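Chains, contacts and geometry: an overview
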Amino acid sequence: MNYKALAERLLPGEYPELSYYETLYPPRDLEKGAEVTRLAPSPTGFIHLGNLFAAIANERIAHQSGGILYLRIEDTDLKRKVDGAVEAVKNALRYFDIKFDEGAEIGGDETYAPWYQRQRAEIYRAFVKHLIEEGRAYPCFCTEEELSALREEQTAKKEITGYYGKYAKCRNLTEEEIYKNLDEGKPFVIRLKSMGNPENKHKFHDEIKGDITVIENDQDVVILKSDGIPTYHFAHAIDDHFMRTTLVIRGEEWLASLPIHIELFETLGFERPRYGHNCSLMKQDGSSRRKLSKRKDPELSLEFYRKEGYFARAVKVYMLTLLNSNFEEWYRKNPEAPLESFKFSAGKMSKSGTLFDLDKLNDISKDELSKLSAEEMFDFLKTWADEYDTDAQKGYFADREKMLKVLTLCMGIGGKKRRKDFTTASQAMKFIQFFFERTPQEDEYRVDGATKRAVLTAFLKTFDPADDGQTWFAKVKEAAAANGFAPEMKDYKANPEAYKGSVADVAEILRIATTGRANTPDLCTIQQILGEKETRARLEAQL
RNA sequence: GGCCCCAUGGUCAAGCGGUUAAGACACCACCCUUUCACGGUGGUAUCAUGGGUUCGAAUCCCGUUGGGGUCACCA
């Protein structure tokens, strides 16, 4: 068979010498040990926690080694393309502080561009053509129907499905048959002529999983689709070679196609990058767990976290604790150190699937938010509210001084210990709502109406917003004593039958009357922030 | 189903042949407190299973079971 002529017929035209690409995309000039990693999403526009998970790992590995992180868009499948997707990905990752050095819509060094695979079609074709010339790739004219019939046949016979060995019909087409099909204008794909034998198993070192066994590939996989665009596998080999990727961290769903990639790199004569296959983020689904899926788990999209007002740093810290088990301890010991100074290690990444735990994220969020100053919290909440909170709550930020007082109180700033009541921006807004309007009553008074009115009346008589905490509380005690409640907790505990209740119950009445809630920060301070007029108005409304 | 990966409390997990099997989250109890979602103290709870190897196994080997992934002209 004249492969050269066949190649020309299949992919007509002049293509550069292969060595041209080697000089066009030279090895990167980086320090020894510097890793080049990448994020290579398809432009579906949907980005979830799993993507962020992998992104942080890639980012850390690249940057702590003095290397490069780049963004490549795998747009070989038109069906996956969504307008604005790349922008969305970029924005989402920027929110979580993932910085790319180069890539699609990023700018930076253009040496290894373009970053969209569709724009790299010529490179792929040049190599496919070369493979055909070498007799290592061939055209396949099988239709979808034929292929699925083959699959059924194989399934029925309990044989391995796929296009390989004796089932690779078009692999053995004669020259005449090929040209006849071509002359008839039949569409074709280009397949790799595999030389592997799955009986042969090899040890393979995975940067995350450790030593694993892989079998040789014997599938004549499609490398160039009938539209002239390569499949993922082929594009991966070409791109990661010419973009000079040193380490590929990707989801473990790729483990199964690793044999294909190994053969491709070998056939092309490329040195292959190292690989690390990370476990996927799982979700509890009934009694079992499964990989997070974009279809079923919209609540795990990154957008969800922004809508809820999760603090970006908290999400990042949580991802890091899942990514590297020793991170949590390190962070505890080095609370002030920048996250970048943590020594990230691919080998420390978990081998088994990790269940996403919202409780843990919430705990970390409280912790992170409690470290902010009142001003920082103000900015965080306002930024969030401006974008996501369409309620009247926006007006809360009009009086900056008042809001700062509110935040100072709620966060326990100035006290012995910071409080950790804020989880997210949306939750915080609800938490502080009663400062701006008496919230709908969530808790019933636990006393009868007459008692309530008597207590409120007694308190109102003596109320003076200028009182300090002690004086204020003394007055609460007076109101308690005047109405049959024990002013001292000890007395009440010693002899509960003698009283209607304790000073705590009186405080609760005042609290509910003032705020509509049974749980709030220090009530005296709240009344001061509200001011005399507002406080009196609220209490009188409850008479 | 074939192949591959994985297996310590409810969750994330430390552990690399000898430990009272860390820690964090969640949960429970008590304490502090005018309430509390804050804080403090304590507690419940884990080596999937059966065989080996070894003086000794969570740790090494094999089988079983369970979970996950993958078997496209999708990535």
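This one's a predicted model, so the numbers in the text were calculated from it and none came from an experiment.

A few words now on empty space enclosed by the protein. The gaps left among the atoms become clear once a water-sized probe is rolled over them. Following the criterion strictly, the structure yields one cavity of 30 Å³ or more and no others. Considering only enclosed or pocket space, the largest cavity measures out at about 50 Å³ in volume. Along the walls of the largest cavity sit Lys366, Leu369, Ser370, Met377, Cys410, Met411, Arg419, Lys420, Asp421 and Phe422, which together make up its complete lining. Split into classes, the residues belonging to the lining of the largest cavity amount to five nonpolar, one polar and four charged.

With that out of the way, let us pick up the layout of surface pockets. Of the pockets and cavities examined, the largest pocket occupies roughly 1400 Å³. If you trace the largest pocket, you find 46 residues lining it, with Ala40, Ser42, Arg80, Glu253 and Trp254 closest to the centre. Here the lining of the largest pocket takes six residues from helix α3 (residues 49-64), the largest share from any one element. Grouping the amino acids of the lining of the largest pocket by side-chain chemistry returns 19 nonpolar, 14 polar and 13 charged. Counting residues domain by domain, the lining of the largest pocket receives three or more from each of domain 1 (3-15 + 121-278) and domain 2 (283-369). Estimates place the volume of the second largest pocket at around 660 Å³. Along the walls of the second largest pocket sit 24 residues, with Glu144, Leu147, Val189, Arg191 and Val222 positioned nearest its centre. For the lining of the second largest pocket, the secondary-structure elements that each account for two or more residues are α6 (144-156) and β5 (189-192).

Let us look at the pairing of β5. Residues Val189 and Arg191 line one face of β5 and the alternating positions Ile190 and Leu192 line the opposite face, and both faces are buried. Two strands pair when backbone bridges link them, and strand β4 (residues 137-140) and β5 are joined in this way by four bridges, in the antiparallel orientation. Note that in β5 the partner of proline 139 across the bridge is isoleucine 190.

This part is about the packing of helix α1 (residues 3-10) against helix α5 (residues 121-133). One way to put it is that α1 packs onto α5 with a least axis distance of 7 Å and a crossing angle of 150°. What the angle tells us is that α1 and α5 run roughly antiparallel. When you trace α1 past α5, the crossing you get is right-handed. Contacts between α1 and α5 involve Tyr3, Lys4, Leu6, Ala7, Glu8 and Leu10 from the first element and Lys129, Ile132 and Glu133 from the second. Split by residue class, the contact of α1 with α5 holds five nonpolar, no polar and four charged.

Moving on: the sheet that holds strand β3 (residues 102-103). Strands belonging to one sheet form pairs held by backbone hydrogen bonds; the direction of such a pair is parallel or antiparallel. Overall, parallel pairing links the three strands, which are arranged β1-β2-β3 in an open sheet. Unpaired on one side and paired on the other, β1 (36-39) and β3 mark the two borders of the sheet. In the sheet, strand β2 (residues 68-71) pairs with β3 via two bridges, with the strands oriented parallel. From the neighbouring strand, leucine 71 faces β3, where its bridge partner is glycine 103. Sitting on the sheet, α3 is in contact with β1 and β2, with an inclination near 160° to β1.

Now for the protein's contact with RNA strand B. The environment of RNA strand B is made up of 59 residues, and the closest members are Lys360, Arg419, Asp421, Thr520 and Asp522. For RNA strand B, the backbone makes up 72% of the atoms found within 4 Å of the protein, where backbone means sugar plus phosphate. At a separation of 2.5 Å, a base oxygen of RNA strand B approaches a polar side-chain atom of arginine 419. Taking asparagine 519, its side chain carries an N or O atom lying 3.1 Å from a sugar or linking oxygen of RNA strand B. The class makeup of the residues in the surface near RNA strand B is 18 nonpolar, 13 polar and 28 charged.

Attention shifts here to unusual backbone geometry. A cis amide bond links alanine 113 to the next residue, proline 114, at an omega of 0°. Topologically, proline 114 is positioned in the loop between β3 and α5. Phi is positive for aspartate 97, close to 70°, though the residue is something other than glycine. When you line up the elements, aspartate 97 lands in the loop between α4 (85-95) and β3. Look at glutamate 105: it is not a glycine, yet its phi comes out positive at around 60°. Secondary-structure assignment places glutamate 105 in the loop between β3 and α5. Of the residues examined, glutamate 105 reaches a relative accessible area of 43% and is grouped as partly exposed.

What follows deals with the sheet that holds strand β8 (residues 222-224). Here three strands make up an open sheet; going across it, the order is β4-β5-β8 and the pairing antiparallel. In this open sheet, the two edge strands, each paired with only one partner strand, are β4 and β8. On average, adjacent strands in this sheet sit at an angle of 45° to one another, irrespective of strand direction. Strands in contact with α5 are β4, β5 and β8; relative to β8, the strand with the most contacts, it is inclined by about 125°.

Here we come to the pattern of salt bridges. Applying the stated criterion across every chain yields a total of 37 salt bridges. Where glutamate 368 meets lysine 371, a salt bridge forms, and the shortest distance between an N and an O atom there is 3.3 Å. Put simply, lysine 382 and aspartate 386 hold a salt bridge, and the shortest N to O gap is 3.0 Å. Within this pair, lysine 382 and its partner aspartate 386 are both found in helix α14 (residues 374-388), separated by four residues, close to a single helical turn. A cluster of three or more residues bridged by salt bridges with shared partners is formed by Arg38, Arg72, Glu74, Arg120, Asp239 and Asp240.

The rules behind these values
Residues numbered from 1 in each chain as written. Chains lettered and ligands numbered in written order. Predicted model: local features only at pLDDT ≥ 70, side-chain atom pairs only at ≥ 80, totals over all residues. Heavy atoms only, no water. 1 Å grid on protein atoms, 1.4 Å probe; cavity = no way out; pocket = protein on both sides within 12 Å on 5 of 7 lines; lining within 4 Å. Points joined across faces, edges and corners; volume = space filled by probe spheres on them. Nonpolar A, V, L, I, M, F, W, Y, C, P; charged D, E, K, R; others polar. Helix = DSSP H or I, 4+ residues; strand = E, 2+ residues; numbered from the N terminus. Domains from an automatic or database assignment. Buried < 20%, exposed > 50% of the residue type's maximum accessible area, 1.4 Å probe, protein only. Pairing = 2+ DSSP bridges. Axes fitted to C-alpha atoms, helices over the stretch in contact; angles between N-to-C directions. Parallel < 35°, antiparallel > 145°, perpendicular 65-115°, else oblique. Left-handed = near helix turned anticlockwise from the far one by under 90°. Contact = heavy atoms within 4.5 Å. Near = heavy atom within 4 Å. Polar contact = N/O pair within 3.5 Å; in protein donor to acceptor, adjacent residues only side chain to side chain. Salt bridge = Lys/Arg side-chain N within 4 Å of Asp/Glu carboxyl O.

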